[in-house]
Amino acid sequence: MKVGVLALQGAFGLHERVLNRLGVAAVQVRTPDDLAEVDRLVVPGGESTAISKLLDANGLADPLADRLAGGLPVLGTCAGLILLAAEVVDGYPGQHCFGAVDVAVRRNGYGRQSESFSAPIEVEGWESAFPGVFIRAPVIESAGLEVEVLAELDGVPVLCRQGSAVVSSFHPELAEDDRVHRWFVEQDWSTGHRWFTEQE
C-alpha cells in the first residue's frame, strides 16, 4: 500500500512524519504520475487558494478529480477540507471544490492566525478526546444527509466522512496522537468503510 501526501504547499512534511511513525512510507505527490501510483491520499493544511492554483499549474486538478470520483480514499485536513468540500461559501472564482464530501465551508471561519487555539475533540467511539489544533481553520457551515459527522465542537462539525473521504477542520498532524492517521491507514476500504472504535 502506498499512501500519498499532496506536496504542493503547506504542512505535508508533518503528515509524512506521522505516517512514518506508523510504519508507512509516504509518497510525495506533485505530478499526475505520482498520483497514479498511490492507493490513498492525504491533502494537507496550508493555503487552499495556493494549493488550488498549484493543482492547475502541475496538471493535477483533472487527474485528482478522476481519482476521487473513482473512490480514492482521501484524508483532507484544514485546507484539505476546503478543497474536498462541495462548496466554499467565501471562495474565489475558479477555486477547486472537488465535492468528495457534501459540506459547505467558510475559510478561516475560526479566525486568523492570532486566534488559533486547541480544544479536546470527542470523537464517536473513542474512549478519550483527541487534541484538536485549530489554525486559521475552516468552519463547516452545513453537511448533507450522506455525511457522517464523527465529531463536533460546540455543536459544529469538525470531523466528517462520506464514503472513502474523511475531512477535519483541525490539524491532526500537529497532535501527539496518531489515531486519525492510523484509522485512515489501517481501514479496509473494501468492507464498507466502517469508522473504527477503540473497543475493537
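As shown above, the structure is provided for reference.
Quantities reported herein were computed from a predicted structural model and do not represent experimental measurements.

Student: How would you sum up the nonpolar core? Please name residues and give values.
Tutor: With 32 residues, the main nonpolar core has Leu 6, Leu 35, Leu 41, Leu 55, Val 103 and Val 105 as its most contacted residues. Looking at this core, the elements with two or more residues in it are β3 (40-43), α3 (48-57), α4 (61-69), α5 (79-84), β5 (85-88), β6 (101-106) and β12 (165-168). In terms of residue count, the dominant contributor to this core is α5 (five residues). Dropping the residues within four chain positions of it, Val 103 is found in contact with Leu 81, Ala 85, Ala 86, Glu 87, Ile 140, Ser 142, Ala 143 and Val 147.

Student: Explain helix α1 (residues 12-21) to me, and be specific about the residues and the numbers.
Tutor: Turning to α1, its buried residues are Phe 12, His 15, Glu 16, Val 18 and Leu 19. Seen from one end, α1 has its buried residues packed into an arc of 165°, which puts them on one side. Gly 23 sits one or two residues past α1 and shows a positive phi near 85°.

Student: Now, about the sheet that holds β5: what can you tell me, with residues and values included?
Tutor: Backbone-to-backbone hydrogen bonds join strands into a sheet, with any given pair of strands oriented parallel or antiparallel. Across the sheet, three strands lie side by side as β5-β6-β9; this open sheet has mixed pairing. Where the open sheet ends on each side, the last strands, each with one partner, are β5 and β9 (139-143). Within this sheet the neighbouring strands show an average axis-to-axis angle of 35°, counted without direction. The pairing of β6 with β9 spans four bridges and is antiparallel. Considered in β9, the bridge of Val 103 is made with Ala 143.

Student: So what's going on with empty space enclosed by the protein? Residues and values would help.
Tutor: The method is simple in principle: a probe with the dimensions of a water molecule rolls over the atoms, and the space it marks as empty is what remains. Counted by the stated rule, this structure contains one cavity of 30 Å³ or more. Approximately 30 Å³ is the volume found for the largest cavity. Every residue lining the largest cavity is listed: Leu 6, Val 43, Leu 55, Leu 64, Leu 83, Leu 84 and Phe 98. The residue makeup of the lining of the largest cavity, split by class, is seven nonpolar, no polar and no charged.

Student: Account for the layout of surface pockets, with residues named and values stated.
Tutor: By volume, the largest pocket is sized at about 220 Å³. Along its surface, the largest pocket is lined by 14 residues, and Gly 46, Glu 47, Cys 78, Asn 108 and Arg 136 are the ones closest to its centre. Taken together, the residues of the lining of the largest pocket sort by class into five nonpolar, six polar and three charged.

Student: A description of the sheet that holds strand β10 (residues 148-153) should follow, citing residues and the corresponding values.
Tutor: As summarised here, the arrangement of the seven strands in space is β2-β1-β3-β4-β12-β11-β10, forming an open sheet in which the pairing is mixed. Lying at the two open borders of the sheet, with one neighbouring strand each, are β2 (26-29) and β10. Neighbouring strand axes in the sheet, compared pairwise and without regard to direction, differ in orientation by 20° on average. With four bridges joining them, strand β1 (residues 3-6) and β2 adopt parallel strand pairing. Note on β2: the bridge partner recorded for Gly 4 is Val 27.

Rules behind the numbers
- Residues numbered from 1 in each chain as written.
- Predicted model: local features only at pLDDT ≥ 70, side-chain atom pairs only at ≥ 80, totals over all residues.
- Heavy atoms only, no water.
- Core = buried A, V, L, I, M, F, W, Y, C linked by side-chain atoms within 4.5 Å.
- Buried < 20%, exposed > 50% of the residue type's maximum accessible area, 1.4 Å probe, protein only.
- Helix = DSSP H or I, 4+ residues; strand = E, 2+ residues; numbered from the N terminus.
- Contact = heavy atoms within 4.5 Å.
- Arc of directions from axis to C-beta.
- Pairing = 2+ DSSP bridges.
- Axes fitted to C-alpha atoms, helices over the stretch in contact; angles between N-to-C directions.
- 1 Å grid on protein atoms, 1.4 Å probe; cavity = no way out; pocket = protein on both sides within 12 Å on 5 of 7 lines; lining within 4 Å.
- Points joined across faces, edges and corners; volume = space filled by probe spheres on them.
- Nonpolar A, V, L, I, M, F, W, Y, C, P; charged D, E, K, R; others polar.

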